Structures are given as C-alpha cells and as structure tokens.
2 protein chains.
Amino acid sequence: MNDPHIAKAFDRDLEAIQALVMKMGGLVEEAIREAAKSLKTRDTERAEKVRQGDRKIDELEDLINTQCAQLLAIRQPAATDLRTVLTVMKIAGNLERIGDYAKNIAKRTEVLSHMQPIEGASSAIRRMSKEVEAMLSDALDSYIRRDATVGEDVRHRDLEVDQMYNALFREFLTFMMEDPRNITACMHLHFIAKNIERMGDHVTSIADQVIYLSTGQFPDDQRPKDNQSIYKVEGFEEADE
Amino acid sequence: MNDPHIAKAFDRDLEAIQALVMKMGGLVEEAIREAAKSLKTRDTERAEKVRQGDRKIDELEDLINTQCAQLLAIRQPAATDLRTVLTVMKIAGNLERIGDYAKNIAKRTEVLSHMQPIEGASSAIRRMSKEVEAMLSDALDSYIRRDATVGEDVRHRDLEVDQMYNALFREFLTFMMEDPRNITACMHLHFIAKNIERMGDHVTSIADQVIYLSTGQFPDDQRPKDNQSIYKVEGFEEADE
C-alpha cells in the first residue's frame, strides 16, 4: 500500500462501493417510511411495493459483498484500509436486516388490514419508525464524514426507541387482557413494534462501526442495554441484536 | 499464494482459527441444551449459568474476527482462501447470534419460573431445541468436512423446525384466548419458541455457507421460506433471519 498508484486505485474502488452503500441506505430509509405509512393508512398496495422493493436491497448487499471481496483480493489492503472494507461489509449486512424488518412490517400490514384497528397503535408505531429512520440517516452521514460524535448521539437515541417499544408493549398487553378479540391484532402490532426496535439495534450497530473506524475502538459500553435494566419490561427484551 | 511456504503458513493459521470456531460451536450447542433444560425443570440457577456463559461465546467471536483480520492482512489470501476466511467470520457471527437467543431463553426462564406453568409447552419447546442443536452439530461437522450434502439435509430439517414453531404458536394463541390470565406466560413462551425458530435460521445460514464453500454456489432456493407459504401462519413469520 506504499505505492501511491495502488493507494489511489484502492480509494477509487472504495468510493464506488461506498456509493452503493449510500444507495442501499436510501432505499432502506424509504422502506422504513413506506412500511409505516402503509400501516397507518391501511394501504395494502403501498405495502406490497415495500415487499417487492426488498429484492433490490438484497441485490445491492450481494453486489457490495462481491465488490468488497474483489477489492480485498486485488488490492490486498492492510491496517486501516482492511478495517474499512470489513466495516463496509458489516454495514451492508445491517442495512439488509433493516430492510427485512421493513418487509416484514409490510407483510403484517396486509394481514392487519382485515382486522379491527387498535386505537392509536399505528400512529405510535409511525412515531417510532420516524425516529429510527432519522437515526439511520444520521448514522450513514456520520459514516461518510467519519464523525464519531454523531455516532455516539445515535447510540443514545436508541435508548429512547427502546422506551417507546416498552410503552407500546405494555399497552398491547392491556388491550389483549381487556378483550381477547384484540389478541391476534395486538400480536401482529407487537411484532411490528419489536421489528422497529430491532431496526434501532442495527442502526446502533452501524454507529458502533463508525465510532470504531474513527477512533480505532468500539464504544466502552458497546452493549448498553445489558446495563440499562430500567428500560426493560420484565425480561421482554430480545436477543441483543 | 504460489509460494508453498506461504501457503502452508496460511493453512496453519486457518486451522487454528477453525479450532476456535469448533470450540465456539461446542459452547453454543451446550447453551441451547442447557437453556431448554432449565426451562423444563424451572431451574433458575442453571438458567443463570447460561446467561453468564454467553460472555465466553462473545469473546470467542471477537477473537475469531481479530485473527481473521490478521490473517487477511498478513497472508493476503486470494480466491478460495479469501472466501474461506470470509465464511469463517460469517459462521462465527451466526454462532454468536444463536448464543444470544439461548441467553434470551434463559432470561425468560427466570421470569416464567414465577408464573403458572402452561401444560406441555416446555416439553414441546425442548423437542424443538433438540432438533436445532442436532442440526447445528451436523452443520459444523459438514463445514469441517466441506460436505455439501449434509448442508442440504440441514436446510430441509429447518422446515420441520418452522412447522413445530407454527404448531406451538397456534397453541399459545388458543391458550391466550381461552384465559387472559395465560397471556403473559404465553407471550414469553411464544418468544422462546420464536428464538429457537430463529436459531434454526442461523444454522441454515451456516449450512448455506458450507454449500457455497464446497460448490462455489449458494443453494438455488437460498431463502426457501419465501416460497413455502404452506408453513406460514397468516403472516406470523419474522424477517428472514
């Protein structure tokens, strides 16, 4: 990597891959937004578009992984450059998972459209998804600018998303206990809320990668949730990511 | 990689890393088994050991990732060797997630130990977890032997795990509707069943990696579930992994 010609070729290749990551990120942000909107408006056609759009997101991940593998094979980067390439692959993996969750919300929206609506639920879910969408946008922005401070900010906002999820979870439990006819719809809505909460975890993982790239270290409290039992509803948290 | 001395050094390093993967796999299999056993016997002490044991699994993943990154940097492998190293990192990631799910089951076991037991649930869950544990053992074995046929077999057994999950899900829904006092316990049990179902997805992902390593191609129906709607309970499937 000491030859400036090779170094330049590496940077050029990496920039092309990063452009794909940004494109993928844009599609994922749109999927989050559209999934929440179709749930709120009970718009099954819009939901179907989100489901179909996930294929494009998956293809972009495959393309990014292929190009990263080629970059590793051809340019054989070391140290920071190697770390950057591995990070790009991880971020693409996180984005793919977030896209899957959006697709899953769209699937449930279609099922829920045949059921009695649960008052206030879809608005609360949309507020939650807007926060995650904004966090994702900021996380990707901080990646491009290698800005660890934004990364830290994103990590803390994820705790708010967790709180929103816990509040919703309690609400759904109450609805189910009040009237067993609500159980099926509430189970779907609960899964949707859980999916958004997990999207937040993946955005946090992207933020962690940015902090690692900028500072060379993962945040001290890389898994803050383990110590934040105040935010938990008696064991109802999921696996860490 | 044409120099036989370098090639040998690469193989030696890779073998050391693979030994770590096998060690990690052994710990994860044990975590699955112990988590299911502690649920069935309502043994909170055993559950606590599973929770604490997850740290060791996480540490092994970190160690594997570090050693893979060093291997890439120092030996600069190309083609098949590069692919193998990337696969090892993916498999370690899958194992770490499975360990997280086992830890999560252990957490819920502690909560459930204070509730009225749901008849037959913990036995059914144990059967499901035994199947996943056996699949994982076979998947890791097929990795070491680069045996694509076992990989295919594991992928098909995952469909049975999905069926077990769906049967359990229907059962929990019925229990909840019959008596709202069952709702909280059933929600926890349902999450546990879902966690095991997801473990199966991660084992399948390991099997896919083995097939890719042995044949150079991912299975045609890499995401068989999308086309297996017969196994679905009206949209209650989760994101693909």
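Residues numbered from 1 in each chain as written. Chains lettered and ligands numbered in written order. Predicted model: local features only at pLDDT ≥ 70, side-chain atom pairs only at ≥ 80, totals over all residues. Heavy atoms only, no water.

1. A few points about the overall build of chain A
Line of reasoning, step 1. Each helix and strand in chain A was counted, giving six helices and zero strands.
Line of reasoning, step 2. Helices (α) and strands (β) of chain A occur, in sequence order from the N terminus, as α-α-α-α-α-α.
Line of reasoning, step 3. Across the 241 residues that make up chain A, the buried fraction comes to 56%.
Line of reasoning, step 4. A separation threshold of at least 6 residues defines the contact pool for chain A, and within that pool the share at least 24 residues apart is 84%.
Line of reasoning, step 5. A total of about 10,300 Å² of accessible surface is found on chain A, and carbon and sulfur atoms cover 47% of it. (Helix = DSSP H or I, 4+ residues; strand = E, 2+ residues; numbered from the N terminus. Buried < 20%, exposed > 50% of the residue type's maximum accessible area, 1.4 Å probe, protein only. Contact = heavy atoms within 4.5 Å. Areas by Shrake-Rupley, 256 points an atom, 1.4 Å probe, with all protein chains shown as cover.)

2. Regarding unusual backbone geometry
Line of reasoning, step 1. Residues other than glycine seldom take positive phi values, yet Gln-76 of chain A does so here, at roughly 45°.
Line of reasoning, step 2. Its location among the elements puts Gln-76 of chain A in the loop between helix H2 (44–75) and helix H3 (79–112).

3. Overview of the pattern of salt bridges
Line of reasoning, step 1. Here the structure, examined in full by the defined rule, presents 30 salt bridges over all chains.
Line of reasoning, step 2. Between Arg-46 of chain A and Glu-34 of chain A there is a salt bridge whose closest N-O contact spans 2.7 Å. Highlighted residues: Arg-46 of chain A in helix H2 and Glu-34 of chain A in helix H1 (residues 4–41), separated in sequence by twelve residues.
Line of reasoning, step 3. Residue Glu-34 of chain B is joined to Lys-37 of chain B by a salt bridge in which the shortest nitrogen-to-oxygen separation is 4.0 Å. Of the two residues, Glu-34 of chain B and Lys-37 of chain B are both situated in helix H1 (residues 4–41); the distance of three residues between them amounts to about one turn of the helix. (Salt bridge = Lys/Arg side-chain N within 4 Å of Asp/Glu carboxyl O.)

4. Some remarks on the side chain of Gln-209 of chain A
All names here are of chain A.
Line of reasoning, step 1. By the secondary structure assignment, Gln-209 is in helix H6 (residues 183–215).
Line of reasoning, step 2. Here Gln-209 falls in the buried class, since its relative accessible area comes to 7%.
Line of reasoning, step 3. Residues within four places of Gln-209 in sequence aside, it is in contact with Thr-87, Lys-90, Ile-91 and Phe-218.

5. Quick notes on the nonpolar core
Line of reasoning, step 1. Core analysis: the biggest nonpolar cluster contains 140 residues, and Ile-64 and Leu-136 of chain A together with Ile-64, Leu-136 and Met-199 of chain B have the highest contact counts within it.
Line of reasoning, step 2. Non-local contacts of Leu-136 of chain A, meaning those with residues more than four positions away in its chain, are made with Gly-25, Val-28, Glu-29, Ile-32, Leu-95, Ile-98, Val-203 and Ile-206 of chain A. (Core = buried A, V, L, I, M, F, W, Y, C linked by side-chain atoms within 4.5 Å.)

6. Side note on the packing of helix H2 (residues 44–75) of chain B against helix H3 (residues 79–112) of chain B
To describe two helices that pack against each other, one gives the angle between their axes and the distance between the axes.
All names here are of chain B.
Line of reasoning, step 1. The geometry of H2 relative to H3 is characterised by a closest axis approach of 9 Å and an angle of 165° between their N-to-C directions. With respect to H3, the axis of H2 lies roughly antiparallel. Classified by chirality, the crossing of H3 by H2 is left-handed.
Line of reasoning, step 2. Classifying every residue of the contact of H2 with H3 gives 15 nonpolar, five polar and ten charged. (Axes fitted to C-alpha atoms, helices over the stretch in contact; angles between N-to-C directions. Parallel < 35°, antiparallel > 145°, perpendicular 65-115°, else oblique. Left-handed = near helix turned anticlockwise from the far one by under 90°. Nonpolar A, V, L, I, M, F, W, Y, C, P; charged D, E, K, R; others polar.)

7. A short note on the environment of Asn-195 of chain A
Residues and elements named next belong to chain A.
Line of reasoning, step 1. With respect to the element layout, Asn-195 can be found in helix H6.
Line of reasoning, step 2. Between the C-alpha atom of Asn-195 and that of Tyr-101, which follows or precedes it by 94 residues, the distance is 5.6 Å.
Line of reasoning, step 3. Of the polar contacts made by the side chain of Asn-195, one reaches the side chain of Asn-104; its length is 2.7 Å. (Polar contact = N/O pair within 3.5 Å; in protein donor to acceptor, adjacent residues only side chain to side chain.)

8. Topic: the packing of H3 of chain B against helix H6 (residues 183–215) of chain B
Residue and element names in this part refer to chain B.
Line of reasoning, step 1. Where H3 contacts H6, the two axes come as close as 9 Å, and the packing angle between them is 165°. Taken together, the axis directions place H3 and H6 in an arrangement best described as roughly antiparallel. Note on packing geometry: the crossing formed by H3 with H6 is left-handed.
Line of reasoning, step 2. Considering only residue class, the contact of H3 with H6 consists of 18 nonpolar, nine polar and five charged.

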